[in-house]
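Listed below, chain by chain, are the residues.
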Amino acid sequence: MILLSNEILIVPSEKETNIEGYYYIPDYDVLPYENLRPSWYVRSRRIYALYLAVQGKLKGIATLRSLLHYVMKPSEFKKYVYHLKPGDELSSPEELFAKLGYERVFNVREGGTFSIRGEIIDYLGPDNMPVRIELYGNLIEEIKRFDLKTQRSQEKLESALLLPAREFVVEEFKKIEKLEPIDEQLTGKYCDGTFLDYNVNFYIYNKKSVIEHFSSFERELRNSIQDIYQKDEYKKFGIVSYEDILLKAQEIELKQPITQEKLLIEEEYIPSAPVLSEDELQVGDLVVHKRYGIARFTEIKKVETISGAKEFLVLNFADSTLYVPIERIDLIDKYIGDDVNVKLDSLKKGTWSKKVSKAKRNIETIVRDMLLIHYIRNNTTGVALPGDSELESEFAKTFPYIETEDQLKAIQDVFEDLVSGKPMDRLLVGDAGYGKTEVAIRAIFRAIVSGKQAALLAPTTVLARQHYENIAERFKPFGIKVALLDRFVTKKEREEILRDVKNGKIDLLIGTHSILNNVVFADLGLVVIDEEQKFGVEQKEKFKKLRVNVHVLSMSATPIPRTLHMALSELKEFSEIKTPPFGRKEVQVHIGPFDDRIVRIAILREINRGGQVIYVHNRVNTIYDVYERLKELLPEVSIVIGHGQQSKSELKRAIDMFFHGKADVLLCTTIVENGVDVPNANTLIVDDAHRYGLAQLYQLRGRVGRSDKISFAYFFHPKHVNDKVLERLYAIKSYVGPGSGLKIAMRDMEIRGIGAVFGLEQHGYINDIGLNYYLELLDETIKESKGELISKVDTELEGIPGSIIIPEAYIYDPFERMRFYRRIASATSIDELMDIKLELEDRFGKIPNSVENLLKYGMLRVLLWKMGVKKATIGDSTIVVEFKNGFFEKISERYIYNEKEDSYIFFCEVEEVLEKFSTVYAK
């Protein structure tokens, strides 16, 4: 029985829930006909509200509908609250976590998941504390917090809280496996408690409005699904009688204002660390062997030899099969390129070497051009822009969000460039909606307060106009004059703008590439180029010339591969924003045949919570038919149309109305793919999604989810589509969470990203040898041009005794096993390998002998490479060594030279070599 009392304030809509001091209890963010579970943000907050309530510590705020779902009764909920401490017994942990509603994964990165690896258990529950438990048998030996990004342990904890991961618990273990996502909305099937059972004092603000909001939406919802569910079945969704709560609710007036500012607490529910890219090899993948070419990876074969167990990657070439020892996985990368038209290489014909030679020549040309621009810039005195710290501090306060660490770092990088006295040439990359524009705005502000003019170029008029709307409003209080030059501007306005730019009366000019034609600036100091890869070749050539004289900041939402980042870091400045803004929620994706009912309720749900909708139909000839159908379906909703073939005035009016919240729905073509950034638009509907590629779908999905509200993307297709189309559509559902753009990029966008750096596409050469190897050759060419050593361990090690495998019993996830094989094979120092060893112990427990062996010979290979060894063969108490030209190191005092083989036989044990040289060559 709860003795302490709780309180909940009921408000009309989600817009009124942001009041300081109140814990927000959200309603479900999915609808009864959608086979989706409520998002983790919703589940975690609702469950934690129950936890606070059983302690009598809940001071909540909610809409009426969010309080009407069935929940566990307090006595039942308490049974499933665990305070875990070292020394406690934890038997059958897998059954316990599954019963509580946690999903088993290999690496815990998201809430509501757990993993068990031997005697190590990780989980992330509603309190948002990533917990690692180390068992000794059935006893908890140690509890630690761990980092979701690195997966490494952090500080020790005295105890850990384990709460259910959903609002009901099914005791019978086997039933749990049959639950569909939609069952997590059907709480009434599994429990019959309500918030009324939690000794709550209810208060209500604006009762009339509360009832109106609830009734109108509930009526629409029931009408839209009446032929899907029977009346009694609908009750299972947990909509209890709202009168019971209203009778107990005391009407009050709010003493404090409702704030629209986003609270820091939101950050707790979304890890800001990016999800690692799942780019490891899978059976069936096309791969690139750096010495032999493109092949198909068919299997990992375990072979028992006299000396011990080994694993081999089996590669099928056009005319041969090659077995590659898995400890040399560093020679193999996934092929990224045109995997439809690419041909497998022939080992006998030597087709690979010709393709590599051509690619190298292409790369040498690129590097030569970049080195020239880099040299000229470094030897050109630019104008230092010191800014005004007081004004800049005031301006920073006008940013309505909380900057992420990545944003702050990027701003600092740009400021250092601007004050350096050298012309800046920085590329700023980051996923859609991650805050690149704010970095550019701060740079522009600094340029202007330093007495210079600035220009911002965008590839489309839509994007240019949006930048203008946003920046002009932000700059207005500071007396900064901003102008827009696009196709909507009249001839007279254009002449006036050009005159004012020339006379220095306009501080910032925004527009498309036309800015580069016939515009004379009084004193241009900074040019910002948004989505540079979308401009044409002619414009890119002009950009190159600009870079030598003025400060240039380029922005791109196309991810830049990590290897490219490393390769060019000495020649081009990069800033990367990898983390989403605080409070960003993942977009819920619905895929299915087109359905008018779903369209109607999806639009009404968004408008009901004060939002707007983007509806994409990418055929101009039928877009007006869609408009008529929507008007018939939703007569109460205001809709505007936007497409590229409209007159200037029509398109401008539509865009303005939507940006300023005067229209509920923007019905448009893919003009929104880049450029429409309306934080209030949190539902996207694409009625012909089968016509788009994966990267395009990802870009479209990025148009919503830009605020701290849950967003929805509906991708509709015709009833009958082929399996390949469905596979592509459902693939978009797997690309969620921070950094998911990087995963999409592995298919398509990274190749385009190279255009953002070089100014020209390099598809032909990349397709010939694969993106990864192309970038590796690029890195080597840059290092050679600067006289640097290439840090790639290329020593061959033969005759390794004993097993050198990572057993599946130790790391059962094939991707993770492959990843560790690659990390060990690619390590370039003893310290790096020791760190990998510590991580293995931390995450997976005691290291098996075969893994110890793998690490030991990985260390030997690194040591021999640092000593200039080309090839080494391990024998009984001997190591036969072939040095590279000009190298010799006395590995042991006892040795003989074999003149015929040009090799040295050193009489020593491997352990002796490691002990003698590990400290010397640790770094």
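Residues numbered from 1 in each chain as written. Predicted model: local features only at pLDDT ≥ 70, side-chain atom pairs only at ≥ 80, totals over all residues. Heavy atoms only, no water.

Draft legend 1. Structural context of empty space enclosed by the protein. Here the structure, examined in full by the defined rule, presents 3 cavities of 30 Å³ or more. If you add up the space inside the largest cavity, you get close to 130 Å³. Lining the largest cavity we find Glu327, Arg328, Leu797, Ile800, Ile804, Ile824, Ala825, Leu854, Tyr857, Gly858 and Arg861. Looking at the lining of the largest cavity, the element that brings in the most residues is helix H26 (residues 849–866), giving 4 residues. Its residues placed into classes, the lining of the largest cavity shows 7 nonpolar, 1 polar and 3 charged. (1 Å grid on protein atoms, 1.4 Å probe; cavity = no way out; pocket = protein on both sides within 12 Å on 5 of 7 lines; lining within 4 Å. Points joined across faces, edges and corners; volume = space filled by probe spheres on them. Helix = DSSP H or I, 4+ residues; strand = E, 2+ residues; numbered from the N terminus. Nonpolar A, V, L, I, M, F, W, Y, C, P; charged D, E, K, R; others polar.)

Draft legend 2. Region of the structure containing the environment of valine 356. With respect to the helices and strands, the residue valine 356 is situated in helix H8 (residues 351–378). With a relative accessible area of 8%, valine 356 lands in the buried category. For the pair valine 356 and tyrosine 774, spaced 418 residues apart in sequence, the C-alpha separation works out to 8.7 Å. Contacts of valine 356, omitting those with residues within four sequence positions, involve Ile769, Tyr773 and Leu777. (Buried < 20%, exposed > 50% of the residue type's maximum accessible area, 1.4 Å probe, protein only. Contact = heavy atoms within 4.5 Å.)

Draft legend 3. Quick look at the pattern of salt bridges. For the structure shown, the criterion picks out 48 salt bridges. Notably, a salt bridge pairs aspartate 285 with lysine 334, separated by 3.7 Å at the nearest N-O pair. With aspartate 285 in the loop between strand E13 (249–252) and strand E14 (286–289) and lysine 334 in strand E18 (residues 332–334), this pair connects stretches of sequence that are 49 residues apart. A relative accessible area of 17% places aspartate 285 in the buried class. (Salt bridge = Lys/Arg side-chain N within 4 Å of Asp/Glu carboxyl O.)

Draft legend 4. Molecular detail of a negative patch on the surface. Residues Asp876, Glu909, Glu912 and Glu915 make up a contiguous surface patch of negative charge. In this structure, aspartate 876 sits in the loop between strand E33 (869–875) and strand E34 (878–883). (Patch = residues over 30% accessible without salt bridge, like charges linked within 9 Å, V, L, I, M, F, W, Y side chains within 5 Å. Areas by Shrake-Rupley, 256 points an atom, 1.4 Å probe, with all protein chains shown as cover. Lys, Arg positive; Asp, Glu negative; His and termini not counted. Charge placed at Lys NZ, Arg CZ, Asp CG, Glu CD.)

Draft legend 5. Highlighting the sheet that holds E13. Within the open sheet, the 5 strands sit side by side as E2-E3-E1-E12-E13. Their pairing is parallel. Here the strands that pair on one side only, and so sit at the sheet edges, are strand E2 (23–24) and E13. In this structure, strand E1 (residues 6–11) lies alongside strand E12 (residues 200–205), joined through 5 bridges in parallel fashion. By the bridge assignment, glutamate 7 is partnered in E12 with asparagine 201. (Pairing = 2+ DSSP bridges.)

Draft legend 6. Main features of the confidence of the model for the chain. When pLDDT is averaged along the chain, the result is 82, and 84% of the positions lie at 70 or above. Below pLDDT 50 for its whole length, residues 259–278 participates in 53 contacts with residues either more than four positions away or in separate chains. In the model, residues 737–747 has pLDDT below 50 throughout and makes 39 contacts with residues more than four positions away in sequence or in other chains. (pLDDT = per-residue confidence, 0-100.)

Draft legend 7. Here's a closer look at the side chain of threonine 683. Note on placement: threonine 683 falls in strand E30 (residues 681–686). For threonine 683, the side chain forms a polar contact with the side chain of glutamate 606, separated by 2.6 Å. Look past the residues within four positions of threonine 683 in its chain and what remains in contact with it is Ala602, Glu606, Arg609, Gln612, Val613, Ile614, Val704, Phe712 and Tyr714. (Polar contact = N/O pair within 3.5 Å; in protein donor to acceptor, adjacent residues only side chain to side chain.)

Draft legend 8. How the structure looks around the pairing of strand E19 (residues 425–430). Within E19, 6 of the 6 residues are buried, leaving the element largely enclosed by the surrounding structure. The alternating pattern of E19 places Asp425, Leu427 and Val429 and Arg426, Leu428 and Gly430 on opposite faces, both of which are buried. Where E19 lies against strand E25 (residues 573–577), 5 bridges are found, and the strand directions are parallel. Residue pairing for E25: glycine 430 is matched across the bridge by isoleucine 577.

Draft legend 9. Broad picture of the sheet that holds strand E20 (residues 453–457). Pairing is parallel in the open sheet, where 7 strands are placed in the order E21-E22-E20-E23-E24-E19-E25. Among the strands making up the open sheet, the edge pair consists of strand E21 (482–485) and E25. Here the strands of the sheet are splayed against their neighbours by 15° on average, with no regard to which way each runs. Taken together, the 5 bridges between E19 and strand E24 (residues 551–556) define a ladder with parallel strand orientation. Among the inter-strand pairings, leucine 427 is bridged to a residue of E24, identified as serine 554. (Axes fitted to C-alpha atoms, helices over the stretch in contact; angles between N-to-C directions.)

Draft legend 10. Representation of the packing of aromatic side chains within the structure. In the structure shown here, the tally under the stated rule is 30 aromatic pairs. A centroid spacing of 6.3 Å and a plane angle of 70° characterise the contact between phenylalanine 312 and tyrosine 323, whose relative ring orientation is edge-to-face. Here the residue phenylalanine 312 occupies a position in strand E16 (residues 309–316), and tyrosine 323 occupies one in strand E17 (residues 321–325), the gap between them amounting to 11 residues. On the basis of an interplanar angle of 5° and a centroid distance of 4.2 Å, the ring pair of phenylalanine 395 and phenylalanine 445 is categorised as stacked. Of the two residues, phenylalanine 395 is situated in helix H9 (residues 389–396) and phenylalanine 445 in helix H11 (residues 436–449); the sequence distance between them amounts to 50 residues. Residue classification places phenylalanine 395 among the buried positions, given a relative accessible area of 1%. Exposure remark for phenylalanine 445: the relative accessible area of 1% places this residue in the buried category. Clustering of aromatic rings is evident, with ring pairs tying together Phe883, Phe888, Tyr895, Tyr897, Tyr904 and Phe906. The lysine or arginine in question, arginine 446, covers the ring of phenylalanine 415, its NZ or CZ lying 3.9 Å from the ring centre. (Phe/Tyr/Trp six-rings, centres within 6.5 Å; stacked < 30°, edge-to-face > 60°. Lys NZ or Arg CZ within 6 Å of the ring centre and 35° of its normal.)

Draft legend 11. Structural detail: the side chain of glutamate 311. Mapped onto the elements, glutamate 311 comes out in strand E16. At a separation of 2.9 Å, a polar atom in the side chain of glutamate 311 contacts the side chain of arginine 817. Glutamate 311 has contacts with Ile300, Lys301, Lys302, Val324, Pro325, Ile326, Glu327, Ile805, Ile806, Arg817 and Tyr821, leaving out every residue within four places of it along the chain.

Draft legend 12. How the structure looks around the nonpolar core. Of all hydrophobic cores here, the largest spans 61 residues; its most connected members are Leu840, Leu860 and Ile891. For this core, the leading source of residues is H26, giving 10 residues. Counting residues in hydrophobic clusters, the runner-up holds 59 residues, among them Tyr102, Ile140, Leu162 and Ile204. (Core = buried A, V, L, I, M, F, W, Y, C linked by side-chain atoms within 4.5 Å.)

Draft legend 13. Representation of helix H1 (residues 40–54) within the structure. Across its 15 residues, H1 extends 21 Å between first and last C-alpha, which sits within 8% of the 21 Å expected from 1.5 Å per residue. When you tally the buried positions in H1, you get 14 out of 15 residues, the bulk of the element. A positive backbone phi angle near 70° is found at glycine 56, which sits one or two residues after H1. (Expected span 1.5 Å × (residues − 1).)

Draft legend 14. Quick look at a nonpolar patch on the surface. A cluster of nonpolar side chains, contributed by Leu372, Tyr375 and Ile376, occupies part of the molecular surface with about 310 Å² of accessible area. As for its placement among the helices and strands, isoleucine 376 is situated in helix H8. Take isoleucine 376: its relative accessible area is 33%, and that puts it in the partly exposed class.

Draft legend 15. Expanded view of unusual backbone geometry. In this structure, serine 92 is a non-glycine residue whose phi angle is positive, near 50°. Here the phi dihedral of asparagine 206 falls at roughly 60°; this positive angle occurs in a residue that is not glycine. Considering the arrangement of structural elements, one finds asparagine 206 in the loop between E12 and helix H5 (207–225).

Draft legend 16. Region of interest: the environment of tyrosine 190. Within the fold, tyrosine 190 resides in the loop between helix H4 (173–176) and E12. What makes tyrosine 190 partly exposed here is its relative accessible area of 25%. Sequence separation of tyrosine 190 and glutamate 167 is 23 residues, and the distance between their C-alpha atoms is 9.2 Å. Tyrosine 190 has contacts with Phe168, Val170, Leu179 and Asp183, leaving out every residue within four places of it along the chain.

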